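# Architecture and fold: a report
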Amino acid sequence: MDFLSHLNMAFGIFLEPSNLLVCFLGVLFGTLVGVLPGLGPTAAISLLLPITFTLTPVQSIIMLAGIYYGAQYGGSTTSILVNIPGEASSVVTCLDGYQMARKGRAGPALGISAFGSFIGGTFTVIMLMLLAPPLAGIALKFGPPESTSIMFFGLTMVTYLSSGSMIKALMMAAFGLLLGCVGTDLIIGVQRYTLGAIALEDGVGLVPVVMGLFGISEVLFNIEESFQKKDIFKTKIKGLLPTKQDWQDSAGPIARGSVVGFFLGLLPGGGALIASLISYAMEKKVSKHPEKFGTGDIRGVAGPETANNAGAGGAFIPLLSLGIPCNVVMAILMGAFMIHRITPGPLLMKEHPDLFWGIVGSMYIGNIMLLVLNLPLIGIWVKILKIPYAILFPLIFLFCLIGSYSLNNSLFDVLIMICFGILGYLMRKFHYEAAPLVMAFVLGPMLEENFRQSLLISKGSLMIFFLRPISAAFITVSLCLLVSPLILKLFRKQRPGLLIAGKDDL
Amino acid sequence: MKNRELIGSLFWIGVGVIFCTGALKYRLFKSGVPGAGLFPFIGGIILITLSFVVLISSLKTKEEDWRKIFKEKFFPQENSWKRILFALLALFAYWIALEYLGFLLTTFLFMTFLLRFIEPQSWITNFTTTILTTTASYLLFKIGLKVPLPKGILGMWIGG
């Protein structure tokens, strides 16, 4: 099939009213959580996972994807109007976005970030359509050793790019792998670490784990301190459409943001946050007047806001074509696929073409829906911003409690969720990151299966990973990444605890 | 902060040891090919080794140096521990009470408690929010998504 017939198929599936509805609900909810500070896309997807289980696989994935890219849109609103990032990937938008709002240009700032997001989002959907099928074709030829080394590479990248200490990130990845071992062994069928509990025979559930780690722990962290009144910018937002001059200034940043964001989204461990940071740094470098950045320059809004949406879209490619999630949200989406007994990866397009093209179609329309939701309806989002956290946080708790209960109608899952909530809270206090844990937890069972199958093929020799070219390349790069901090340490006199303390903390 | 690093690394060493001893039971190799225990054993060894690195470097680093790296205290505010404790109590109480008191009553009490004791709201706000959320969540989960939420004693009185 060629490009156009694919496109035709995508829209055919997507234009069914029920699919349109779930996509709308997805982007609506995504914008909502994007707008609300203290509730990121990861937490939002975790919260909504149980609800999507009642939908068909296509609908559930469309909805979850909508939440993810919708949150990228919504995040900018909070950054611009309140100077608090609605979610992490909008951090840099605060720098110039809020300054623009203070100068009375909140409208164009919101406008350009919505248009930029739209362009970046649409660009990546087109790239997704063009790139995913051939990539999946290559991936079909992969055997267990290749899959093992690619997953290993993915995990390495996530720990390497983690914002905190790499050693601690690796520890969390190791713990995630161990957690993934709980339950019935896939190859021989032995029960492992179930402590005799029937509820654990299928393993620890992904949903209670992520709800705890991202939902409950986030709230616990936020309620430590008394809530301050949010200082919402009190001017009428007028003139959402950027002027001709704005467009001229923003064209370059939007174009560059789309490309950079897309490629960073592809990278394991990358995604929306890094895309927006790099885009901002790049625009500042390229600009003839870098001193204007931070004072309300529209380019500092257009670039990063485009890049974070492009990054969010780009992240779908490795998941849908190779079956490798490259960030934690994709890992959760992958878990959602598997709960519907669908394995994302090279076979997805062959076995479930409706699913793949349904997602692609939904991303086209979803981006248009978001443009409509975010521009004319901006007033509603500003009102929602005013809901105090004191009222919001019990709601998030309640949603987590009922959501985890509803999975199997069991209180056991609720207990698991509360425990992981406490663990996640303590992990934050002790400077351990949750993302590598969840990534490894999702990838663990597959990694183990492929690892053991490889060793079965090679009769126990680890050399199999180095003798096949693709596998050798990925393993070598991963090992280099893992060793590089140690080598750097030998050459450089280090401040105490650098390896342990996060880069952020220094 | 030094203590936090120590406690953290010791905790993860413990976790690693538990998983490793389990793995030995599930056999690392079975007639020459990897058994069910090999993968968790490797994972456990990695976790233990890295935890030791954290442990040793935290012992070597002086407390003053840690203060330079980690500026924050464990709790940012004097009554933080109370707020966290109340929240955890509410969560566990919900978990225990759900089957006995039923969804409606438990949720009502849960919301009232949280809105009262963590960041006190006026009773009017408290009850409006509580009643609205209890009803809305009941409609969404019980009626909309058909989750069989526990009825508890309240349900028995009504006879539902």
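These figures come from a predicted structure and were not determined experimentally. Note on numbering: residues in each chain are counted from 1, in written sequence order. In the order they appear in the text, chains get letters beginning with A and ligands get numbers beginning with 1. Since the coordinates come from a predicted model, pLDDT governs what is reported: local features require at least 70, and pairs of side-chain atoms require 80 or more to be given and counted, while whole-chain, interface and lining totals use all residues.

### Describing the overall build of chain A
Segments assigned H or I by DSSP are reported as helices when at least four residues long, segments assigned E as strands when at least two residues long, and all are numbered from the N terminus. A count of helices and strands for chain A gives 22 helices and two strands. Taken along the three principal axes of its C-alpha coordinates, chain A extends 70 × 60 × 55 Å. Three exposure classes are used. Buried residues have 20 or more other C-beta atoms within 10 Å of their own C-beta, exposed residues have 12 or fewer, and partly exposed residues fall in between, all C-beta atoms being placed from the backbone. Per-residue burial for chain A yields a buried fraction of 59% across its 506 residues.

### Describing the overall build of chain B
When its secondary structure is counted, chain B shows six helices and two strands. For chain B, the N- to C-terminal ordering of α and β elements is α-β-β-α-α-α-α-α. Of all 160 residues assigned to chain B, the portion counted as buried reaches 30%. C-beta atoms are first placed from the backbone for all residues, and any pair lying within 7 Å is then listed as a contact. Taking all contacts inside chain B whose residues are at least 6 apart in sequence as the whole, residues at least 24 apart take part in 58%.

### Regarding the environment of Leu4 of chain A
All names here are of chain A. Relative to the assigned elements, Leu4 resides in helix H1 (residues 3–14). Residue Leu4 is classed as exposed on the basis of its 8 C-beta neighbours within 10 Å. Along the backbone, Leu4 and Phe491 are 487 residues apart, and their C-alpha atoms lie at a distance of 55 Å.

### Topic: the domain arrangement of chain B
Domain start and stop points were drawn from an automatic or database domain assignment. Along its sequence, chain B is organised into domain 1 (2–69) and domain 2 (80–158). Taking only C-alpha atoms, the centre of domain 1 of chain B and the centre of domain 2 of chain B are 39 Å apart.

### Some thoughts on helix H2 (residues 38–60) of chain B
To estimate the expected span of a helix, count its residues, drop one, and scale the result by 1.5 Å. Compared with the 33 Å implied by 1.5 Å per residue over 23 residues, the 33 Å span of H2 of chain B between its first and last C-alpha is a close match. Residues of H2 of chain B that are buried: Leu38, Phe39, Pro40, Phe41, Gly43, Gly44, Leu47, Ile48, Leu50, Ser51, Val54 and Ser58 of chain B. Contacts made by the buried residues of H2 of chain B are with helix H8 (166–181), strand S2 (191–192) and helix H20 (435–457) of chain A together with helix H1 (2–25), strand S1 (29–30) and strand S2 (33–34) of chain B.

### As for the environment of Gly14 of chain B
Assignment of secondary structure puts Gly14 of chain B in helix H1. Judged by C-beta crowding, with 13 C-beta atoms within 10 Å, Gly14 of chain B ranks as partly exposed.

### Considering the interface of chain A and chain B
By convention, interface size is frequently given as the accessible area that disappears when the constituent parts associate. Listed by partner, the interface residues are 52 residues for chain A and 59 residues for chain B. When contributions to the side of chain A that touches chain B are tallied by element, the ones reaching two or more residues are H8, helix H9 (206–223), helix H18 (389–408), helix H19 (411–429) and H20 of chain A. Three residue categories are used. Nonpolar comprises Ala, Val, Leu, Ile, Met, Phe, Trp, Tyr, Cys and Pro, charged comprises Asp, Glu, Lys and Arg, and polar comprises the others, including Gly. Counted by class, the side of chain A that touches chain B contains 37 nonpolar, six polar and nine charged residues.

### Looking at the packing of H9 of chain A against H19 of chain A
Residues and elements named next belong to chain A. The geometry of H9 relative to H19 is characterised by a closest axis approach of 7 Å and an angle of 50 degrees between their N-to-C directions. As the angle between them shows, H9 and H19 are arranged oblique. As H9 packs across H19, the resulting crossing turns out to be right-handed. Contacts between H9 and H19 involve Pro208, Val209, Met211, Gly212, Leu213, Ile216, Ser217, Leu220 and Phe221 from the first element and Asp413, Ile416, Met417, Ile418, Cys419, Phe420, Gly421, Gly424, Tyr425 and Arg428 from the second. Along the lines of polarity and charge, the residues of the contact of H9 with H19 split into 13 nonpolar, four polar and two charged. Here an axis means a line fitted to C-alpha atoms, over the contact stretch when the element is a helix, while the angle between two N-to-C directions is reported on a 0 to 180 degree scale. Roughly parallel means an angle under 35 degrees; roughly antiparallel means over 145; roughly perpendicular covers 65 to 115; every other angle is labelled oblique. Take the far helix as the reference: if the near one is turned anticlockwise from it by less than a right angle, the crossing is left-handed, and if turned clockwise, right-handed.

### Details of helix H11 (residues 272–286) of chain A
Its 15 residues place the ends of H11 of chain A 21 Å apart at the C-alpha level, agreeing with the 21 Å of an ideal helix rising 1.5 Å per residue. The secondary structure elements touched by the buried residues of H11 of chain A are helix H4 (57–82), helix H5 (91–102), helix H10 (244–266) and helix H12 (299–314) of chain A.

### What about the packing of helix H7 (residues 144–160) of chain A against H20 of chain A?
The relative placement of two packed helices comes down to the angle between their axes together with the axis-to-axis distance. Residues and elements named next belong to chain A. Remark: H7 packs on H20, axes separated minimally by 8 Å, with the N-to-C direction vectors making an angle of 155 degrees. For the element pair H7 / H20, the angle class is roughly antiparallel. In the crossing of H7 with H20, the sense of the turn from one axis to the other is left-handed. On H20, the residues that touch Pro144, Pro145, Ser147, Thr148, Met151, Gly154, Leu155, Val158 and Thr159 of H7 are Ala435, Pro436, Met439, Ala440, Leu443, Met446, Leu447, Asn450, Phe451, Gln453, Ser454 and Ile457.

### Comments concerning unusual backbone geometry
One non-glycine residue, His431 of chain A, lies in positive phi territory at about 65 degrees. Tracing the backbone shows His431 of chain A in the loop between H19 and H20. You can call His431 of chain A buried: it has 20 C-beta atoms within 10 Å. Phi is positive for Arg27 of chain B, which is not a glycine, with a value near 70 degrees.

### Examining the nonpolar core
With 197 residues, the main nonpolar core has Ala44, Ile61, Leu64, Leu333, Val438 and Met439 of chain A as its most contacted residues. Built from parts of two domains, this core gets at least three residues from each of domain 1 (2–69) and domain 2 (80–158) of chain B. Setting aside residues no more than four positions away along its own chain, Ile61 of chain A makes contact with Leu333, Ala336, Phe337, Leu355 and Ile359 of chain A. Remark: nonpolar core denotes a set of buried Ala, Val, Leu, Ile, Met, Phe, Trp, Tyr and Cys residues whose joining runs through C-beta atoms within 7 Å.

### Some details on the environment of Tyr98 of chain A
Residue and element names in this part refer to chain A. The residue Tyr98 is located in helix H5 in this model. Judged by the 22 C-beta atoms lying within 10 Å of it, Tyr98 falls in the buried class. Along the primary structure Tyr98 and Leu320 are separated by 222 residues, whereas in three dimensions their C-alpha atoms are 36 Å apart. The residues touching Tyr98, leaving out its near neighbours within four places in the chain, are Ser79, Ile80 and Asn83.

### Re the confidence of the model for chain A
All names here are of chain A. For every residue, the predictor reports its confidence as pLDDT, a number between 0 and 100. This prediction gives chain A a mean pLDDT of 84; 93% of its residues lie at or above 70. Per-element mean pLDDT across chain A ranges from 71 in H1 up to 94 in H19. Confidence drops under pLDDT 50 across residues 494–506; counting only partners more than four residues distant or on other chains, this segment forms 33 contacts.

### Some thoughts on the confidence of the model for chain B
The pLDDT averaged across chain B works out to 86; a share of 89% of its residues lies at or above 70. For this predicted complex, the interface confidence score (ipTM) comes to 0.92, while the overall pTM stands at 0.87.

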